[in-house]
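The chain contents come next:
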Amino acid sequence: MNNVAIELRGITKCFGSVVANSNVNLKVYKGEILSLLGENGSGKTTLMNMISGIYHPDQGHILVNGKEVVINSPHDAFEYKIGMIHQHFKLVDLFSAAENVVLGLDGEGRFKLDEIEKQVLEISNKYGFNIDPKKKIYDMSVSEKQTVEIIKVLYRGADILILDEPTAVLTPQETQKLFDILRRMRADGKAIIIITHKLHEVLELSDKVAVLRRGEYIGTVNTAEATEESLTEMMVGKKVELNINRPEPVNPTERLRVMNIDCKNRDGVKLLDNVSFSVNAGEILGIAGIAGSGQRELLEAIAGLQKLDSGSIIYNNPKTGAEEELRDKSPLQIRELGVRLSFVPEDRLGMGLVGNMGVVDNMMLRSYRRGKSIFLERKGPTELANRIIQELEVVTPSAETPVRRLSGGNVQKVLLGREISSSPTLLMAAYPVRGLDINSSYLIYDLLNEQKKKGVAVIFVGEDLDVLIDLCDKILVIGGGCVSDVIDARSTTKNEIGYLMTNTKKGRRASDE
Amino acid sequence: MFTLEYLMGFVATAIINGTPLLFGAVGEILTEKSGNLNLGIPGIMYIGGISGIIGGFLYEHACETAGITPIPILCIIVALLASLLGSTLIALVYSFLTITLKANQNVVGLALTTLGVGLGDFYGGSLLSFFGKDGSIYLEATSKAFKEKIPFLSDSLGLFGQTFFSFGFLVYVAVIIAVIVHFFLKKTRVGLNLRAVGENPATADAAGINVNLYKYLATCIGGAIAGLGGLYFVMDYSVGGWTNGGFGDRGWLAIAIVIFALWRPNTAILSSYIFGGLYVASSYIMGLSGSEKEIIKMLPYIVTIIVLVFVSARKKREHQPPASLGLSYFREER
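What counts and what doesn't
Residue numbering note: each chain is counted from 1, following its sequence as written. The order in which chains are written sets their letters, starting at A; the order in which ligands are written sets their numbers, starting at 1. Restriction of local features to residues with pLDDT of at least 70 applies here, the model being predicted, together with a cutoff of 80 or more for giving and counting side-chain atom pairs; totals for whole chains, interfaces and linings are based on all residues. Excluded from the side-chain calculations are hydrogens and water; all other atoms, namely the structure's heavy atoms, are used. Strands are runs of DSSP state E lasting at least 2 residues, helices are runs of H or I lasting at least 4, and numbering of each runs from the N terminus. Atoms counted for the radius of gyration: C-alpha only. Globule rule: 2.2 Å times the number of residues to the power 0.38. Here, residues are in contact when the closest pair of their heavy atoms is within 4.5 Å. With residues, only the protein chains shown are counted as cover, and all accessible areas are computed by Shrake-Rupley using a 1.4 Å probe. We count Lys and Arg on the positive side and Asp and Glu on the negative side, and we leave His and both chain ends out. One atom stands in for each charge, and that atom is NZ of Lys, CZ of Arg, CG of Asp or CD of Glu. Definition of nonpolar core: a set of buried residues of the types Ala, Val, Leu, Ile, Met, Phe, Trp, Tyr and Cys, connected through side-chain atoms within 4.5 Å. Each residue is assigned to one of three classes by its accessible area relative to the maximum for its type, calculated with a 1.4 Å probe on protein chains only: buried under 20%, partly exposed between the two thresholds, exposed over 50%. Put simply, two rings from Phe, Tyr or Trp (the six-membered ring, in Trp's case) pair if the centres are within 6.5 Å, and we call them stacked under 30 degrees between planes, edge-to-face over 60, tilted for the rest. Remark: a charge is flagged as sitting over a ring if the NZ atom of Lys or the CZ atom of Arg is within 6 Å of the ring centre and within 35 degrees of the ring normal. What gets called buried area is simply the loss in accessible area from a 1.4 Å probe that two parts show on being joined, summed for both. We define a salt bridge as a contact between a side-chain nitrogen of Lys or Arg and a carboxyl oxygen of Asp or Glu at a distance within 4 Å. Contacts described as polar in this section are N or O atom pairs within 3.5 Å, which, within protein, must combine one atom able to donate a hydrogen with one able to accept it, while residues neighboring in sequence count only if both atoms come from side chains. Axes here mean lines fitted to C-alpha atoms, for a helix over just the part in contact, with angles spanning 0 to 180 degrees between N-to-C directions. An angle below 35 degrees is read as roughly parallel, one above 145 as roughly antiparallel, one from 65 to 115 as roughly perpendicular, and any other as oblique. Less than a right angle of anticlockwise turn of the near helix away from the far helix marks a crossing as left-handed, whereas a clockwise turn marks it as right-handed. Under the scheme applied, nonpolar residues are Ala, Val, Leu, Ile, Met, Phe, Trp, Tyr, Cys and Pro; charged residues are Asp, Glu, Lys and Arg; polar residues are all the others, including Gly. Two strands pair under a simple rule: DSSP has to find at least two bridges between them. Marked domain ranges trace back to an automatic or database domain assignment. The predictor rates its confidence in each residue with pLDDT, a number between 0 and 100. Helix span, expected: 1.5 Å multiplied by one less than the number of residues in the helix.

Caption draft 1: Just the overall build of chain A, in detail. Along chain A, the regular secondary structure elements total 18 helices and 20 strands. Here chain A has a C-alpha radius of gyration of 25 Å; the compact-globule value for 513 residues is 24 Å, and the two agree. Across its three principal axes, chain A shows a C-alpha extent of roughly 75 × 55 × 45 Å. The long-range fraction of contacts in chain A, counting pairs at least 24 apart against all pairs at least 6 apart in sequence, stands at 66%. For chain A, the exposed surface amounts to about 23100 Å²; the carbon and sulfur share of it is 47%. Here chain A holds 65 positive side-chain charges and 70 negative ones, and the gap between their average locations is 3 Å.

Listed below in structure tokens is the structure:
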């Protein structure tokens, strides 16, 4: 009993009429890693925010080391030695690592930054981090920033660590390093809660798994007795087929050829560096890379939204057989050439849809130029909107409800539905399943496969390497704006992709210098 | 024509004209470091001036009625407290509206400048018409106390002493405050926390910093410092006199210096003197026509725009304004 680090009893939290958590019971022992598993919107983050003092539970008790506590603010949480590492880092970009670590602490005596830097290094050596305490956050990689966050809570003496989706932004190698560190902390007697929805990580790392479903506490199981299938069943409430279909490509012909394209940002930093590849009709080309390696610029270049410094983008029109140059053309000019290109951008409500407009109006963004009268023609778009809502099972009060009020998965269905409805010959989707639950994700994979079978050339930018390997035919790995390699998805491994992501031909040279 | 005396005279005038700007700029830097863009600074400085006048007037008037000579140290204390009270109150209004009620900072700031100038002219005008002799008032005793030279240094070091040690004490106070604020921001925990609030309030909040408290304190203390610029202007520069609109556009110049000095209080010292010099340069260059004088008066603003262009083009992170400047902080709620 003495070994229970933190215990939750009957925690309930409502936001208005929405129940985010209902009667959750949880126990974490010292020297134990517990995974908190659940789909998006199942209340994992809300629950953890109550432990870290951001929200206050409506009902229930929190016990730390066997004593009941009331946690009203993040400051209180530190007092009880609880530290939370948020998914979106809470760091001041302009400060150094050490300055971020000491932020908000009342220290004794004079403020000496060099002493704090020394203490940061001590913690860093103890657990095997690798960090320069003087380095500014804006010069750091995502994984370094995460390290600073972890050191920050350790510096505050945290014995209970909560990590909110810590691996979402890491490469497989970085993930392994993080897991090693977490294991070392476990050996040191810390209690660790890790929020995730990646099942294989749960199985690999944790001792116990607690599952939430729609705010309700389903149960806790020992990881040793669990399998991916059993956990999914707990999470979703029914059996889900976890295999992604991959139909063989039929008669692939080249649809798009990108040759030696370069582009720079305003500071003259190269965002795309001599990128060449081609996409075939009837195939899915996956693009893998660390966030911000040029994926966005690459898709925008093809869609006519990014100015290029050199190179060319050739589209083979399957109807006429003509070759069209897409470089330096606006999206409208591209469409007028007869190129049927659909683009599902990363920023759904920023670039893809207008949040304040309903489904119907959003359909019209694609079609408002049609028609001869000066008045808009609404009949077609309304029909299309209703068809998408029905076929893709979009949950919305009506076709006129502003799309920003829909959940992430439904927004994505509306966007993908609109893009597919224009029967494209080239479909580009950036992170189409980001933030979606398992059911919606599999629906999106099916839609992409359907397009592939119709002979559409599909470009799929993804972050989950397992999905990329299972869904795509070929995978283009990009790192720092350079193409590392194009590999066959059927024969590759996650480690190979991870290695290519961080070790581009250019990058290797740069790191040798 | 350009003798050493002439040049030193110009330097002294530049410092005298730069001092109100320095107070304003340092006050605004402290405020902006908390993420609050207080465009009410011109109004606050105006209020700082008129409050000092009212305080000094009440004391001198009371002494006159009682038939005693005003005591210099009391003159200073009364005027100083009145000025600090007036400017802090306006800064508090700004804080309440933007921090607690989360009103738009630009709108509130501009409104307060209009309000401050209006209030100043109202009370100043009333004072002049009720108590003024020939439509003007001069607080002789108070002004004399504020203008007191440093006794020994001012006349023992020759021209140097005459130039640099002949100012009223507020000139030195301005420099000292600038240096203190510089060290506060750079070298203390509280300064680090304050900068974090201005850069990323959500992070500061999660780190257990009371964001609203920091914003309130920085804005009110910043307002009080800026108000001293108004006090210096009326008591020292204008020799204890008040004219409606006399403060001119110095408040805006102070905000321009904040940008020119790249949000660094230590750099603001020299910047303020440069701006003070440019402000009066037109009367030191002889044989200028009216329009040429106006063009020279524009120089500070043109220089500020050029600096702004250079800074944005270079994009050095340390030279940018606080990242959340001008934004109200809402704690994330569902």
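After presenting the structure, the write-up continues.
Caption draft 2: Broad picture of the nonpolar core. Judged by nonpolar contacts, the single largest core of 121 residues is most densely connected at Ile150(A), Leu161(A), Leu182(A) and Met185(A). Sorting elements by how many residues they give to this core places helix 11 (residues 211-237) of chain B first, with 11 residues. Residues in contact with Leu161(A), not counting those within four places in the same chain, are Gly83(A), Ile85(A), Ile150(A), Val153(A), Leu154(A), Met185(A), Lys190(A), Ala191(A), Ile192(A) and Ile193(A). Among the nonpolar cores identified, the runner-up in size contains 59 residues, and Ile244(A), Val344(A), Ala399(A) and Ala489(A) belong to it.

Caption draft 3: Broad picture of the packing of aromatic side chains. Taken as a whole and judged by the stated rule, the model has 12 aromatic pairs over all chains. Plain terms: the ring middles of Tyr442(A) and Tyr445(A) are 5.4 Å apart, the flat faces sit at 75° to each other, and that makes the pair edge-to-face. A residue pair is termed a helical-turn pair when its members lie 3 or 4 positions apart in one helix, as Tyr442(A) and Tyr445(A) do in helix 15 (residues 438-453) at 3 residues. Neither Tyr442(A) nor Tyr445(A) differs from the other in exposure class; each is buried. Three or more aromatic residues link up through ring pairs in this structure, and these residues are Tyr46(B), Phe233(B), Tyr237(B), Trp242(B) and Phe247(B). When the ring centre of Phe78(A) is taken as origin, the NZ or CZ atom of Arg156(A), which lies over that ring, is 5.0 Å away.

Caption draft 4: Focus on the interface of chain B and chain A. Facing the 23 residues of chain B at the interface are 28 residues of chain A. When chain B packs against chain A, the two sides together hide about 2400 Å² of surface, and 56% of this comes from carbon and sulfur. Linking chain B with chain A are 2 salt bridges. Taking the shortest distance from any N to any O, the salt bridge between Arg195(B) and Glu99(A) comes out at 3.8 Å. Where chain B packs against chain A, one counts 6 residue pairs in polar contact (both at pLDDT 80 or more).

Caption draft 5: Region of interest: the packing of helix 12 (residues 250-260) of chain B against helix 13 (residues 265-284) of chain B. All names here are of chain B. Running from N to C, helix 12 and helix 13 point in directions that differ by 135°, and their axes come no closer than 10 Å. The angle between helix 12 and helix 13 places the two elements in the oblique class. For the element pair helix 12 and helix 13, the recorded crossing hand is right-handed. Facing Arg250, Leu253, Ala256, Ile257 and Phe260 of helix 12, the residues of helix 13 in contact are Ala268, Ser271, Ser272, Phe275 and Tyr279. In the contact of helix 12 with helix 13, the residues fall into 7 nonpolar, 2 polar and 1 charged.

Caption draft 6: How the structure looks around the pairing of strand 11 (residues 254-264) of chain A. Residues and elements named next belong to chain A. Summarising the sheet, strand 11 and strand 12 (residues 270-280) pair through 7 bridges and their orientation is antiparallel. Among the inter-strand pairings, Cys263 is bridged to a residue of strand 12, identified as Leu272. Relative to strand 14 (residues 310-316), strand 11 runs antiparallel, the two being bridged by 5 bridges. Counted as the bridge partner of Met259 is Ser312 from strand 14.

Caption draft 7: Just the sheet that holds strand 17 (residues 426-430) of chain A, in detail. Residue and element names in this part refer to chain A. In space, the 6 strands of this open sheet follow the order 16-17-18-13-19-20, with mixed pairing throughout. At either end of the open sheet lies a strand with only one pairing partner, and these are strand 16 (341-344) and strand 20 (482-488). Between one strand axis and the next, the sheet turns through 15° on average, direction left out of account. Where strand 16 meets strand 17, 4 bridges bridge the pair, whose relative direction is parallel. Opposite Leu341, over in strand 17, you have Leu426 as the bridge partner. Sitting on the sheet, helix 15 touches strand 13 (284-288), strand 17 and strand 18 (457-461), and the angle it makes with strand 18 is about 150°.

Caption draft 8: Fine view of the domain arrangement of chain A. Residues and elements named next belong to chain A. On domain assignment, one finds that chain A holds domain 1 (4-236), domain 2 (243-340 + 423-513) and domain 3 (352-367 + 375-421). Taken together, the 10 residues of domain 1 in the interface contact 15 residues of domain 2. When domain 1 packs against domain 2, close to 970 Å² is buried across both sides, 58% of that on carbon and sulfur atoms. Our count for the contact surface shared by domain 1 and domain 2 stands at 0 salt bridges. Taken together, domain 1 and domain 2 are joined by 2 residue pairs in polar contact (both at pLDDT 80 or more).

Caption draft 9: Here's a closer look at the confidence of the model for chain A. Residues and elements named next belong to chain A. On average, residues of chain A score 86 in pLDDT, and 96% of them reach the 70 mark or higher. When mean pLDDT is compared element by element in chain A, strand 18 scores highest at 94, while helix 18 (residues 505-512) scores lowest at 43. Confidence drops under a pLDDT of 50 for residues 506-513, and excluding neighbours within four residues, the segment shows 3 contacts in the predicted structure.

Caption draft 10: Fine view of helix 14 (residues 408-421) of chain A. Residues and elements named next belong to chain A. When the terminal C-alpha atoms of helix 14 are compared, their 20 Å separation across 14 residues agrees well with the 20 Å that a helix rising 1.5 Å per residue should span. With 12 of 14 residues buried, helix 14 is to be regarded as a mostly interior element. Turning to helix 14, its buried residues are Gly409, Asn410, Val411, Gln412, Lys413, Val414, Leu415, Leu416, Gly417, Arg418, Glu419 and Ile420. On its buried side, helix 14 packs onto strand 16, helix 11 (348-352), helix 12 (359-367), helix 13 (379-391), strand 17 and helix 15. Phi turns positive, to about 35°, at Ser423, one or two residues after helix 14.

Caption draft 11: Local environment of unusual backbone geometry. Residues and elements named next belong to chain A. Positive phi, normally seen in glycine, also occurs at Glu165, with a value near 40°. Inspection of the secondary structure puts Glu165 in the loop between strand 7 (160-164) and helix 6 (172-187). Here Asn260, not a glycine, exhibits a phi torsion of approximately 50°, which is positive. Examined against the element boundaries, Asn260 turns out to sit in strand 11.

Caption draft 12: View of the sheet that holds strand 11 of chain A. Residues and elements named next belong to chain A. Judged by pairing direction, the sheet is antiparallel, and its 4 strands sit side by side in the order 12-11-14-15 without closing on themselves. Whereas interior strands pair on both sides, the edge strands pair on one side only; in this sheet they are strand 12 and strand 15 (323-325). Pairs of neighbouring strands in the sheet enclose a mean axial angle of 20°, with direction left out of account. Against the sheet, helix 9 (residues 295-303) engages strand 11, strand 12 and strand 14, with an angle of about 65° to strand 12.

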